[in-house]
Amino acid sequence: MNNILENYSKNYSEQIKKRRFWNIFIVLGLFVAILISSSIIDLNMTRITSGIPRLGDYIAKILPNLDTNLLFANSQIEGSVPYWYFNFKKYIVLLYETFNMAVLSTLFGFVFALLLSFFSARNITPNVLSFFFVKRFLEFLRGVPEIIFAILFVWALGVGPLAGIIAMTIHTTGALGKLFSEVHENAELKSCEAIRSAGGGWVPEMRYGVLPQVLPNIISYALLRFEINIRASTVIGFVGAGGIGQELYLVINFNYYEEVSAIILLIILTVITIDITSGALRQRIIKGTHD
Amino acid sequence: MGSLQLNSLIKQFGKNTDGRIAVNGISLEVTQGEMVGIIGKSGAGKSTLLRMINRLVEPTSGSISFDGTDVTSLKGKALKKWRSECAMIFQQFHLIDRLDVLTNVLTGTLGRRYNILNLLKIFPKEEKINALKALHKLDLLGKALQRVETLSGGEQQRVAIARALMQKPKILLADEPISSLDPKNSKIVMDDIKKINNEEGITVICNLHSLEVAKQYSKRLIGLSEGKIVFDGPPENLTQELSQELYDLENE
Amino acid sequence: MTNKDIISLCPQAFLPFWRRSPVTFILVILSIIYLGFAIHFFGFSLSKILEGFANMKPILVAMFTWQDFSTWNFPGIFDGLVQTLAMAFLGTFFATLVCIPISFLTSKKVFRFTLLRFFIKRILDMIRGVDILIWAIIYVRAFGLGPLAGLLSIFTADVGTLGKLFSEATDNADTKQIEGIESSGSNKISVIRFGVVPQIIPIFISQSLYFFESNTRSAVILGVVGAGGIGLQLTERMKAQYWDQALFIIVLILIMVTIIDTLSRAIRKRIIDE
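Residues numbered from 1 in each chain as written. Chains lettered and ligands numbered in written order. Predicted model: local features only at pLDDT ≥ 70, side-chain atom pairs only at ≥ 80, totals over all residues. Heavy atoms only, no water.

1. With respect to the overall build of chain C
Line of reasoning, step 1. A tally of regular secondary structure across chain C gives 12 helices and zero strands.
Line of reasoning, step 2. Here the C-alpha atoms of chain C give a radius of gyration of 27 Å, more than 25% beyond the 19 Å that 2.2 N^0.38 yields for 274 residues.
Line of reasoning, step 3. Across the 274 residues that make up chain C, the buried fraction comes to 47%.
Line of reasoning, step 4. Taking as baseline every contact in chain C between residues at least 6 positions apart, the subset at least 24 positions apart corresponds to 75%.
Line of reasoning, step 5. Only carbon and sulfur atoms are counted for the fraction: they give 68% of the accessible area of chain C, which is about 14,200 Å².
Line of reasoning, step 6. On chain C, the mean spot of the 24 positive side-chain charges and the mean spot of the 18 negative ones are 7 Å from each other. (Helix = DSSP H or I, 4+ residues; strand = E, 2+ residues; numbered from the N terminus. Rg over C-alpha atoms; globule rule 2.2 N^0.38 Å. Buried < 20%, exposed > 50% of the residue type's maximum accessible area, 1.4 Å probe, protein only. Contact = heavy atoms within 4.5 Å. Areas by Shrake-Rupley, 256 points an atom, 1.4 Å probe, with all protein chains shown as cover. Lys, Arg positive; Asp, Glu negative; His and termini not counted. Charge placed at Lys NZ, Arg CZ, Asp CG, Glu CD.)

Right under this line is the structure:
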C-alpha cells in the first residue's frame, strides 16, 4: 500500500516537473520572440513616448470644436454640428456608393463561389481533377488580399468603384467558395443517391439533393461576408478603388482635420448599424432551420 | 418478356487480398410481374445486390441483363434510362426533407428533362398531374404541398413509393422498406407495394429483414447468406433449419 | 379519376410562382430592380469591364516575364517579410495582454459594475467599427512611416475583437467552479485566479493564435498606407509597375501565410485536445 502511494506521488512530482519545464520553455521562447521582434521593428520607449503626444495632438485636431450653445446653428457658424458636417450630402452619396460596392461584390462573389463550391467539395465533386484545380484556384483568390487586387484593377480600369467591386468580388469568391465547399462536405447525401437511382444526373443531384439542405447555412455565411465587405469597402478607396475611403484618404492627406472625424464617425455608425441588422437576420435564418 | 437475369454476379469491396466479398457469385432469373422477397441477415449482401441491379454499385464481375440487353455495360443516357426503369426505395426513404411532397415525387422525373428546367424547378403540367395521381393512389393527395419533414415515417416511405411510380418503372427495388417503421405503418407500406405489383404488373424485388413479412407478401423467396444464394423457392419449401441458418446464427 | 378532378383537388400546385408565394416574388423583383439601379448608379457596362480585362493583359504578361532577376532587392524583401511577422506577433501579444483584464471587466460573471461594463463594451464596438487600415493611416500620421504604426494598428484592431471574444469566453465559464471558490470565502482576486482563469486560458491562447494567423494576413496590407512590412515593398513595386517583382512578392506572401496557418493550426489543435 505504502509502495503504491510512494510510486504515485513520485509519478506525480515527475509530471509536475515535466510540466514546469515546458512552461518555462514556452515563457522563455515567448520572451526571445518578443526581443527579436522588437529589435526588427525598432521598438523602443523613446519612439513610443515621443509618438503618444503626437497621437494626442492629432486626435485633438481631428475632433470637432463643438460649442454647446451653437450646436444646432447653421453651417456658417463655427462650433455647430452643421458646420462640422458641412459636406454631409457628399458623404451620404459616398456612403451609399460604399454600401452598394459591398452589396454588388457580395452578390457576385456569392454566385461565383456557389458555382465553384460544388466542384471543390470532396464528397460531391464530379471528378478529382476539377476538385484539385478549383480548390487551388479558390485558395489563390482568398490568399491575395482584396486591396492588392484593387491596386491591380485601378491600373487596368482606372480610378473608381468598378476596380474596388471587382477586387472585392474576387476575394469574396475565394473566401465564400472555401466555406461553401466545407458546408457541402458536411451535407447528407441520401437524397442524392435517390436522385441518381432514378436516373438523374449530377446537376439535379446538386440542385435537389444538396442545395436545399445547405441553403440556410450558405446564406448565413454570405451575410457574414457582407458585414466583412462593408468594412472592406470603407477602406478600399485608399488605393483609388471608390467609396468613402477615397474621400477619407484625401481629407487625411490634405489635413482637413475636422472632416476626418466626421467621416470616421459616419463609417462607425454605418458599420455598427449593418452589423446589428445582418446579425439579427442571421439569427432568424439559423433559428428558422430548427423549427 | 421483361425478364431480369443475373449471371454469376460478384462484388468485392477493397483490394484483392483483404477485400470483403459482399456478393459472391449470384445467378438468378426474375420474370416480369413477380414479387420476390430477398431474406437474410444484415451483411448477407442483400443491399449490395439491389444496388448493383440499379448500377449504384458497380459489380466486380458477372453480368446483369434485362430483356436481352446487357445492363452492366450501359453508359450515359442509356444508363440513366435503365436507372429510371428500375426504381428504388430505401430504408431511410432518402427524400429531400426541406422540399414539399409534390416536388419530391417529381424528382423521379429529373433524368427525363433538360437540366436548365431542372435548375429552375420548372415541371410540366402533365408531370404534376401524374405526380398528384400517384399521391392519390397512395392516399397522400392532401399532403402534397407540405414539407416532407412534417410527415410521419410511414407517410415518407409512401412518398418515396410515389416518386418511384413517377419513373414508370418496370422493376421496383425495395431496400428494407419497412425497417424504420412501426408495425402499423409497415403493413400499409407493404400493402401498397403489393398493390403496385398486382395492379401495374411491376416486378418487385424486396429486401426484407423479417421472415414473417416476406412469407406473407411474396410467392418466391431468395435466401442469402454470406453473399451466396442458399434458398430459392416458394415460402412453403423453406425448412425450419434453413430459416434458422438464415436468421439465428447471430444468436450463437 | 380524370385530370380535371386531380387539378380541382389540389389547385395550388398549378398556380404560377408569383401567385404561390407572392412575398418571395415581390422581394425577388425588388432586388432585381435594385440591382439594375445599382449597376446603373456605378455606370457599369460589360464593354467597360471587358476593356478593363483587356488592359490587364500587358500587366499579366509583365508579371510572368521576369527581368534582371539577379538585381532584385532580396534583402529588402526578406526584411519586409520578417517585419510583417514581427508586427503581427507583437500586435497580437500586446492585445492579448490588454484584453485579459478587459474581459474580466466586461464579463457579467466576474464584475458587477454595469455602467462601466456598458461603456467598455461600447468603446470596443467603436474600435471594431473602424477598419484596421484606418487605424494604420492615423498611426502613420502620429508615429511616422514604418512598422511601428503597423504594430499599433494591429494592436488596436485586435483589442476591439479579442476583447469581445475573451469576454464572451469568460461569460461562458462554468458557474459552478466560480461559486465553489466563492463559497470558500475567498476574495475577488482568488475567485478570478482559481475559479475563472484555469477554465479560460486554453480558449484565450487558441483564440490569440488564431488572431496571429489572421493578423499575418492583415499585416500584409498595412504597407499600402505606409505602415511597414512586406506590403510596403509590394505596393512600391506595383506603383513603379515592376509587375514581375510584385508577383514574386505575392507568391512569397502566400507561402508565408500558408506556413503560419499550418503551424498555428497544429498548435491550436494540440492545445484544444489537451
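2. Observations concerning the overall build of chain A
Line of reasoning, step 1. Check the secondary structure of chain A and you find 11 helices and zero strands.
Line of reasoning, step 2. Listing the helices and strands of chain A from first to last along the sequence gives α-α-α-α-α-α-α-α-α-α-α.
Line of reasoning, step 3. Since a compact globule built from 291 residues should have a radius of gyration of about 19 Å, the 27 Å found for chain A marks it as more spread out than a globular shape.
Line of reasoning, step 4. For chain A, the spread of C-alpha atoms along the three principal axes comes to 80 × 70 × 45 Å.
Line of reasoning, step 5. Per-residue burial over chain A gives 49% buried out of 291 residues.
Line of reasoning, step 6. Residue pairs in contact within chain A that sit at least 24 positions apart in sequence constitute 68% of those at least 6 positions apart.
Line of reasoning, step 7. Summing over all exposed atoms, chain A offers an accessible surface of approximately 15,000 Å²; the carbon and sulfur share of this is 66%.
Line of reasoning, step 8. A gap of 8 Å separates the mean positions of the 23 positive and 20 negative side-chain charges of chain A.

3. Re the interface of chain A and chain C
Line of reasoning, step 1. Between chain A and chain C, the contact holds 57 residues from the first and 54 residues from the second.
Line of reasoning, step 2. Between chain A and chain C lies a buried interface of about 5,100 Å² when both sides are counted; carbon and sulfur atoms form 82% of it.
Line of reasoning, step 3. The interface formed by chain A and chain C contains zero salt bridges.
Line of reasoning, step 4. Residue contributions to the side of chain A that touches chain C peak at nine residues, all from helix α4 (residues 88-120) of chain A. (Buried area = accessible area lost by both parts, 1.4 Å probe. Salt bridge = Lys/Arg side-chain N within 4 Å of Asp/Glu carboxyl O.)

4. As for the interface of chain B and chain A
Line of reasoning, step 1. If you look at the interface, chain B gives 27 residues, while chain A gives 19 residues.
Line of reasoning, step 2. The interface formed by chain B and chain A holds one salt bridge in total.
Line of reasoning, step 3. As a salt-bridge pair, E193 of chain A and R51 of chain B come within 2.1 Å of each other at their nearest N and O atoms.
Line of reasoning, step 4. At the junction of chain B and chain A, the tally comes to eight residue pairs in polar contact (both at pLDDT 80 or more).
Line of reasoning, step 5. A class-by-class count of the residues in the side of chain B that touches chain A yields 10 nonpolar, 11 polar and six charged. (Polar contact = N/O pair within 3.5 Å; in protein donor to acceptor, adjacent residues only side chain to side chain. Nonpolar A, V, L, I, M, F, W, Y, C, P; charged D, E, K, R; others polar.)

5. Observations concerning the pairing of strand β3 (residues 35-39) of chain B
Residues and elements named next belong to chain B.
Line of reasoning, step 1. In terms of burial, β3 is largely enclosed, as five of its five residues are buried.
Line of reasoning, step 2. Residue alternation in β3 divides its side chains into two sets, M35, G37 and I39 and V36 and I38, and both sets are buried.
Line of reasoning, step 3. One ladder, built from five bridges, connects β3 with strand β8 (residues 203-208); its direction is parallel. Across the sheet, residue I39 finds its bridge partner in β8, namely L208. (Pairing = 2+ DSSP bridges.)

6. Considering the confidence of the model for chain C
Line of reasoning, step 1. Confidence in the prediction of chain C, expressed as mean pLDDT, is 87, and 99% of residues score 70 or more.
Line of reasoning, step 2. For chain C, helix α9 (residues 175-183) of chain C is the element with the lowest average pLDDT, namely 78, and helix α5 (residues 74-105) of chain C is the one with the highest, namely 92. (pLDDT = per-residue confidence, 0-100.)

7. Thoughts on the domain arrangement of chain C
Line of reasoning, step 1. Split by domain assignment, chain C resolves into domain 1 (3-64) and domain 2 (70-273).
Line of reasoning, step 2. Each of domain 1 of chain C and domain 2 of chain C has a C-alpha centre, and the two are 39 Å apart. (Domains from an automatic or database assignment.)

8. Considering the sheet that holds strand β4 (residues 61-66) of chain B
All names here are of chain B.
Line of reasoning, step 1. With respect to topology, four strands assemble into an open sheet ordered β2-β1-β4-β5, the strand pairing being antiparallel. Whereas interior strands pair on both sides, the edge strands pair on one side only; in this sheet they are β2 (20-30) and β5 (69-70).
Line of reasoning, step 2. Of the strands in this sheet, β1 (4-13), β2 and β4 are in contact with helix α1 (residues 46-54), which crosses β1 at around 115°. (Axes fitted to C-alpha atoms, helices over the stretch in contact; angles between N-to-C directions.)

9. Section: the packing of aromatic side chains
Line of reasoning, step 1. According to the stated counting rule, one finds 38 aromatic pairs over all chains in the structure shown.
Line of reasoning, step 2. One aromatic cluster is present, built from ring pairs that chain together W66, F69, W72, F74 and F248 of chain C.
Line of reasoning, step 3. The positively charged end of R207 of chain A is found above the aromatic ring belonging to Y208 of chain A, 5.2 Å away from the centroid.
Line of reasoning, step 4. Across from the ring centre of F118 of chain C, 4.8 Å away, lies the NZ or CZ of R122 of chain C, which sits over that ring. (Phe/Tyr/Trp six-rings, centres within 6.5 Å; stacked < 30°, edge-to-face > 60°. Lys NZ or Arg CZ within 6 Å of the ring centre and 35° of its normal.)

10. Re the packing of helix α6 (residues 146-157) of chain A against helix α4 (residues 46-64) of chain C
Line of reasoning, step 1. One can describe the packing of α6 of chain A onto α4 of chain C by two numbers: an axis separation of 8 Å at closest approach and a directional angle of 115°. Between α6 of chain A and α4 of chain C, the angle is such that the two are roughly perpendicular. Relative to α4 of chain C, α6 of chain A is oriented so that their crossing is right-handed. Residues L152, F153, W155, A156 and L157 of chain A of α6 of chain A lie in contact with α4 of chain C, whose contacting residues are K48, I49, G52, F53, N55, M56, I59 and M63 of chain C.
Line of reasoning, step 2. For the contact of α6 of chain A with α4 of chain C, the class distribution of residues is 10 nonpolar, two polar and one charged. (Parallel < 35°, antiparallel > 145°, perpendicular 65-115°, else oblique. Left-handed = near helix turned anticlockwise from the far one by under 90°.)

11. Focus: the environment of D97 of chain B
Residues and elements named next belong to chain B.
Line of reasoning, step 1. Within the secondary structure, D97 sits in the loop between β6 (86-89) and α3 (101-106).
Line of reasoning, step 2. Classification of D97 by relative accessible area gives partly exposed; the value is 38%.
Line of reasoning, step 3. Sequence-wise, D97 and G37 are 60 residues apart; in three dimensions their C-alpha atoms are separated by 29 Å.

12. Points about the environment of I276 of chain A
Residues and elements named next belong to chain A.
Line of reasoning, step 1. Looking at where I276 falls in the secondary structure, it is placed in helix α11 (residues 257-290).
Line of reasoning, step 2. A residue is classified by how much of its surface remains accessible, and I276, at 59% relative accessible area, is exposed.
Line of reasoning, step 3. Put simply, I276 and E227 are 49 residues apart on the chain and 9.5 Å apart in space, counted from C-alpha to C-alpha.

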